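Chain and residue survey
For reference, the chains in residue letters:
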Amino acid sequence: MSVALEPTTARDNRPGSPDPGPLSTRRGTAAKAAAALRKTPIGVWIAAALLAFLVIAAVVPSLLIRQDPYVIDPATAFTAPSAEHWFGTDQNGRDVFSRVVAGTGQSLLLGLAATAIGLVLGGLLGITAGVSGKWLDSAICRFVEVLFAFPGLLLALIVIAVSGTGIVTAAVAVGVGTAPGYARMLRTQTLQVIASPYVETALSLGRSRSHILWHTIVPNVVRPLFVLATLGVGQAIVWASSLSFLGLGAQPPAAEWGAMLADGRNYIQLAWWIAAFPGIFITLAALTTTVVGRHLQQRLEAEV
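Residues numbered from 1 in each chain as written. Predicted model: local features only at pLDDT ≥ 70, side-chain atom pairs only at ≥ 80, totals over all residues. Heavy atoms only, no water.

The subject of this paragraph is the overall build of the protein. Each helix and strand counted, the protein has 11 helices and 0 strands in total. Ordered by position in the sequence, the α and β elements of the protein form the string α-α-α-α-α-α-α-α-α-α-α. Buried residues in the protein amount to 38% of all 304 residues. For the protein, long-range pairs separated by at least 24 residues make up 68% of all intrachain contacts whose partners lie at least 6 apart in sequence. (Helix = DSSP H or I, 4+ residues; strand = E, 2+ residues; numbered from the N terminus. Buried < 20%, exposed > 50% of the residue type's maximum accessible area, 1.4 Å probe, protein only. Contact = heavy atoms within 4.5 Å.)

Side-chain pairs of opposite charge can arise where the charged atoms are in close proximity. Counting across every chain of the model gives 4 salt bridges. Two residues, Arg-94 and Asp-90, come together in a salt bridge whose shortest N-O distance is 2.9 Å. Of the two residues examined, Arg-94 and Asp-90, each falls in the buried class. For Arg-142, the salt bridge is made with Glu-145, and the minimal N-O distance between the two is 3.0 Å. (Salt bridge = Lys/Arg side-chain N within 4 Å of Asp/Glu carboxyl O.)

On to the packing of aromatic side chains. Taken as a whole, this structure holds 8 aromatic pairs when the rule is applied. Centre to centre, the rings of Trp-272 and Trp-273 are 5.7 Å apart; their planes meet at 80 degrees, and the pair counts as edge-to-face. An aromatic cluster of at least three residues, connected via ring pairs, comprises Trp-86, Phe-87, Phe-97, Trp-257, Trp-272, Trp-273, Phe-277 and Phe-281. Here the guanidinium or amino end of Arg-66 rests over the ring plane of Trp-86, the centre of that ring lying 4.5 Å away. (Phe/Tyr/Trp six-rings, centres within 6.5 Å; stacked < 30°, edge-to-face > 60°. Lys NZ or Arg CZ within 6 Å of the ring centre and 35° of its normal.)

Another aspect to go through is the packing of helix α3 (residues 96-131) against helix α9 (residues 225-245). Two elements in contact, α3 and α9, have axes whose closest approach is 8 Å; the angle formed by their N-to-C orientations is 125 degrees. When the axes of α3 and α9 are compared, the pair comes out oblique. The element α3 and its partner α9 pack so that their crossing is right-handed. Contacts between α3 and α9 involve Ser-107, Leu-108, Leu-110, Gly-111, Leu-112, Ala-114, Thr-115 and Leu-119 from the first element and Leu-225, Leu-228, Ala-229, Gly-232, Val-233, Ala-236, Ile-237 and Ala-240 from the second. Taken together, the residues of the contact of α3 with α9 break down into 12 nonpolar, 4 polar and no charged. (Axes fitted to C-alpha atoms, helices over the stretch in contact; angles between N-to-C directions. Parallel < 35°, antiparallel > 145°, perpendicular 65-115°, else oblique. Left-handed = near helix turned anticlockwise from the far one by under 90°. Nonpolar A, V, L, I, M, F, W, Y, C, P; charged D, E, K, R; others polar.)

In terms of burial, helix α10 (residues 257-264) is a largely internal element, 6 of the 8 residues being buried. Among the residues making up α10, those that are buried are Trp-257, Gly-258, Ala-259, Met-260, Ala-262 and Gly-264. Looking at where α10 begins, the residue whose side-chain oxygen comes 2.8 Å from the main-chain nitrogen of Gly-258 is Glu-256. (Polar contact = N/O pair within 3.5 Å; in protein donor to acceptor, adjacent residues only side chain to side chain.)

With that settled, the discussion passes to a nonpolar patch on the surface. On the surface, a nonpolar cluster with roughly 440 Å² of combined accessible area is contributed by Val-55, Ile-56, Val-59, Val-60 and Leu-63. Within the fold, Val-60 resides in the loop between α2 (42-59) and α3. A relative accessible area of 33% places Val-60 in the partly exposed class. (Patch = residues over 30% accessible without salt bridge, like charges linked within 9 Å, V, L, I, M, F, W, Y side chains within 5 Å. Areas by Shrake-Rupley, 256 points an atom, 1.4 Å probe, with all protein chains shown as cover.)

Counted at 1.5 Å a residue, the expected span for helix α4 (residues 134-148) with its 15 residues is 21 Å, and the 21 Å between its end C-alpha atoms agrees. Looking only at α4, the buried set comprises Asp-137, Ile-140, Cys-141, Val-144 and Leu-147. Down the axis of α4, the buried set is contained in an arc of 115 degrees. They therefore lie on one face. Along α4, the residues that are exposed and aim more than 90 degrees away from the buried face are Lys-134 and Trp-135. Against α3, α5 (152-163) and α6 (167-194) lie the buried residues of α4. (Expected span 1.5 Å × (residues − 1). Arc of directions from axis to C-beta.)

What follows deals with the nonpolar core. If you look at the biggest cluster of nonpolar residues, it comprises 19 residues, and the most contacted ones within it are Phe-87, Val-96, Val-100 and Trp-257. Per-element tally for this core: the top contributor is helix α11 (residues 273-303), with 6 residues. Look past the residues within four positions of Phe-87 in its chain and what remains in contact with it is Pro-81, Val-96, Phe-97, Val-100, Trp-273, Phe-277 and Phe-281. (Core = buried A, V, L, I, M, F, W, Y, C linked by side-chain atoms within 4.5 Å.)

Below, the discussion takes up the packing of α3 against α6. Where α3 meets α6, the axes come as close as 4 Å, and the angle between the chain directions of the two elements is 40 degrees. With respect to α6, the axis of α3 lies oblique. The handedness of the crossing between α3 and α6 is right-handed. The residue makeup of the contact of α3 with α6, split by class, is 21 nonpolar, 10 polar and 1 charged.

Backbone geometry places Phe-78, a non-glycine residue, at a positive phi of 60 degrees. You can see Phe-78 is positioned in the loop between α2 and α3.

Right under this line is the structure:
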């Protein structure tokens, strides 16, 4: 009995015939990557460039800072934006541009820390609910629904009321406030992975449940977490800045965007730039992370 090969899968083994190897595979991958880059909207490129600028400002602020952000000079207080002070000076004569750049690292770190805490707490609740039995799943779902009864920012305020103010407390509070949303999404993702054919195949091959949990379910559930984190960082930055604005997060004279916004609100008519530029950077951070995160989410869904 002879077996005929399809033309598309047949392989010519004659001497001198081209053999598709790793080089062809790399070229195909590079071509796909180039095509994906060409299809990326210009708005995403702009958002990515702005996000890269914020990351540089957070990691190496010395490249951008022109003056000490904490030096007080009353003689230059309320100086309008100029060639010497790009964003003007505040009520104490401190350079607003230097303070905004110095605050980038603190604000982004707050957002990243809060997002990480929310993902860890939400992951523990969501994945546990998805893989456990009906009783425990129902109990976790009811607990998450109770947390959902409180708006996220209000839940963060409750945590601060119990634990006190400060940067670390603000990060924990925002993380707790975002955890219920992550828990619900990760539970849904876990149930979808459990119902997938490759989990059924692993069971039929005699794999233990613990092996399937850690080697099949968790890796596939964790895969979208990077996109969720990108989308969540912007929201976490806004919430953390809101807490600092209320005096519950970073405390003066910290160069943090929310605290700077609170400092400038009393002088909005006299020196609008004190509050305007930190507010603009809060908006840019939230907008750029959301745009980049949405694009990554669309790419991930297209690959699935």
